[in-house]
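Here is how the chains run, residue by residue.
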Amino acid sequence: MSYKVTLIPGDGIGPEVTEAARRVLEATGVSFRWEVVQVGAGVMAKYGTPLPEEALQSVRKNGVALKGPVTTPIGTGFRSVNVALRKELELYACLRPCKTYPGVPSLYKNVDIVVVRENIEDLYAGIEFERGTPEAANLIKHINGAKKVKIGSDSGISIKVISETNSRRIVKYAFDYARRYKRGKVTAVHKANIMKFSDGLFLAVAREIAKEYPDIVFEDRLVDNLSMQLVKEPRQFDVLVLPNLYGDIISDLCAGLVGGLGMAPGANIGEGVAVFEPTHGSAPRYAGQNKVNPMAMMLSGVLMLRHLGEASAADRLENAIATVIAEGKTVTYDMKPEREAAEAAKTVQVADAVIAKI
Ligand code: NAD
């Protein structure tokens, strides 16, 4: 059987790490037919948009995509292609397993946390009012009147939206994932003491759904407390389920627990469609240097293999990556304890080393 998969190389370090991932995936013996599509600033001139319909159609049609990171200009230019892709395809769940492999330079051993992040609403809904615009002035007038508060006229406003429907869907996904992969505990993360009607709703829904899964332990944590506890003793956590913004921040924190962004894979899951991409971004200052760690991207490929039902190929690829890490010879600069770039391997060499162990 051959799988038709959309391949989005992305920009910055994206093309280097996706190429490494493509090579190791093919080395497992699983057959792929890659449909390569481009997105981001580089296609603006040709399509007039950073996210052409052609790219979306390809992912919709194939149902599976392997995606490199894409740069989002800050403050100016278009909104994030990554956020738009998740919204357009309704990729409601973002899955980010964070696991320490023996040999990884990290302060911790035996961490194995799965971050399940809500992926389309919260402060990422893109509902924003720019300071000084008539829309912002109208909204401020309305809120000041309705709530007897005094929002200054020089304020910019971003709206936080948490719905029962999306909370239900993401919490259910986290519990179903826990059951499928035999995980013991789900922790819901929130700030419901302050944001009673948004995070409070998320927590209420989580508590209700937890009752349907008596075989899985449920607990909740305030996001600030969770951050401290993760740094102090991360091994107490198993599956975390979070609204979008906390999920974004906590996944980077968890990546830091297991060796950094070069080791943190991810998947964006919707109904009948899944996009596999690392947690890290396009790290523009390293672009084209053949220097960065391709393992987060390769491990995203492992998640893709499991999604396709290719469990044995997934195990072989994951074991090959783990062996290369444990040997510590052919790893990139970020995996060297002293970060000695001179003795660090190049991106391409890491892929060669992994292929040799498959
Ligand atoms: P980043 O993840 O690109 O890089 C932060 C730092 O992490 C880098 O400078 C580097 O030191 C390290 N790093 C990242 N990936 C690494 C790897 N594979 N190997 C070794 N070290 C690695 O974050 P940023 O600088 O905040 O974002 C850069 C751009 O990427 C921004 O435009 C941002 O919007 C975008 N971004 C895209 C995605 C995505 O496509 N899903 C995700 C996050 C950020």
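Predicted model, so just to flag it, every value in this text is computed and none were measured.

Caption draft 1: Examining the overall build of the protein chain more closely. Looking only at helices and strands, the protein chain features twelve helices and twelve strands. Taking 2.2 N^0.38 as the reference for a compact globule, 358 residues should give roughly 21 Å; the C-alpha atoms of the protein chain span a radius of gyration of 21 Å, in line with that estimate. For the protein chain, the spread of C-alpha atoms along the principal axes amounts to about 65 × 55 × 45 Å. Here the protein chain, with 358 residues, has 54% of them falling under the buried criterion. Of the contacts made within the protein chain by residues no fewer than 6 positions apart, 74% connect residues no fewer than 24 positions apart. Surface accessibility of the protein chain: about 16,100 Å² in total, with carbon and sulfur atoms responsible for 54%. Across the protein chain, the mean location of the 45 positive side-chain charges is 2 Å away from that of the 41 negative side-chain charges.

Caption draft 2: Spatial organisation of the sheet that holds strand β1 (residues 2–8). The strand order across the open sheet built from ten strands is β2-β1-β3-β12-β11-β4-β5-β10-β8-β9, with neighbouring strands paired in mixed fashion. The sheet is open, and its two edges are formed by β2 (31–36) and β9 (217–222), each paired on a single side. On average, each strand axis in the sheet is tilted by 25° relative to the strand beside it, whichever way the strands run. Taken together, the six bridges between β1 and β2 define a ladder with parallel strand orientation.

Caption draft 3: Here's a closer look at the pairing of β9. Relative to β9, strand β8 (residues 185–190) is paired through six bridges, and the arrangement is parallel. When the sheet's bridge partners are listed, T187 is paired in β9 with E219. For the segment spanning β8, helix α7 (residues 199–210) and β9, crossover handedness is right-handed.

Caption draft 4: Geometry of the packing of helix α11 (residues 311–327) against helix α12 (residues 347–357). Closest axis-to-axis distance for the α11/α12 pair is 8 Å, and the angle between their directions is 120°. As far as their axial angle goes, α12 and α11 are oblique. Considering only the axes of α11 and α12, their crossing is right-handed. Residue-level contacts link L317, A320, I321, T323, V324 and E327 of α11 to A353, V354 and K357 of α12.

So, how was this worked out
Residues numbered from 1 in each chain as written. Predicted model: local features only at pLDDT ≥ 70, side-chain atom pairs only at ≥ 80, totals over all residues. Heavy atoms only, no water. Helix = DSSP H or I, 4+ residues; strand = E, 2+ residues; numbered from the N terminus. Rg over C-alpha atoms; globule rule 2.2 N^0.38 Å. Buried < 20%, exposed > 50% of the residue type's maximum accessible area, 1.4 Å probe, protein only. Contact = heavy atoms within 4.5 Å. Areas by Shrake-Rupley, 256 points an atom, 1.4 Å probe, with all protein chains shown as cover. Lys, Arg positive; Asp, Glu negative; His and termini not counted. Charge placed at Lys NZ, Arg CZ, Asp CG, Glu CD. Pairing = 2+ DSSP bridges. Axes fitted to C-alpha atoms, helices over the stretch in contact; angles between N-to-C directions. Right-handed = clockwise from strand over helix to strand, strands pointing away. Parallel < 35°, antiparallel > 145°, perpendicular 65-115°, else oblique. Left-handed = near helix turned anticlockwise from the far one by under 90°.

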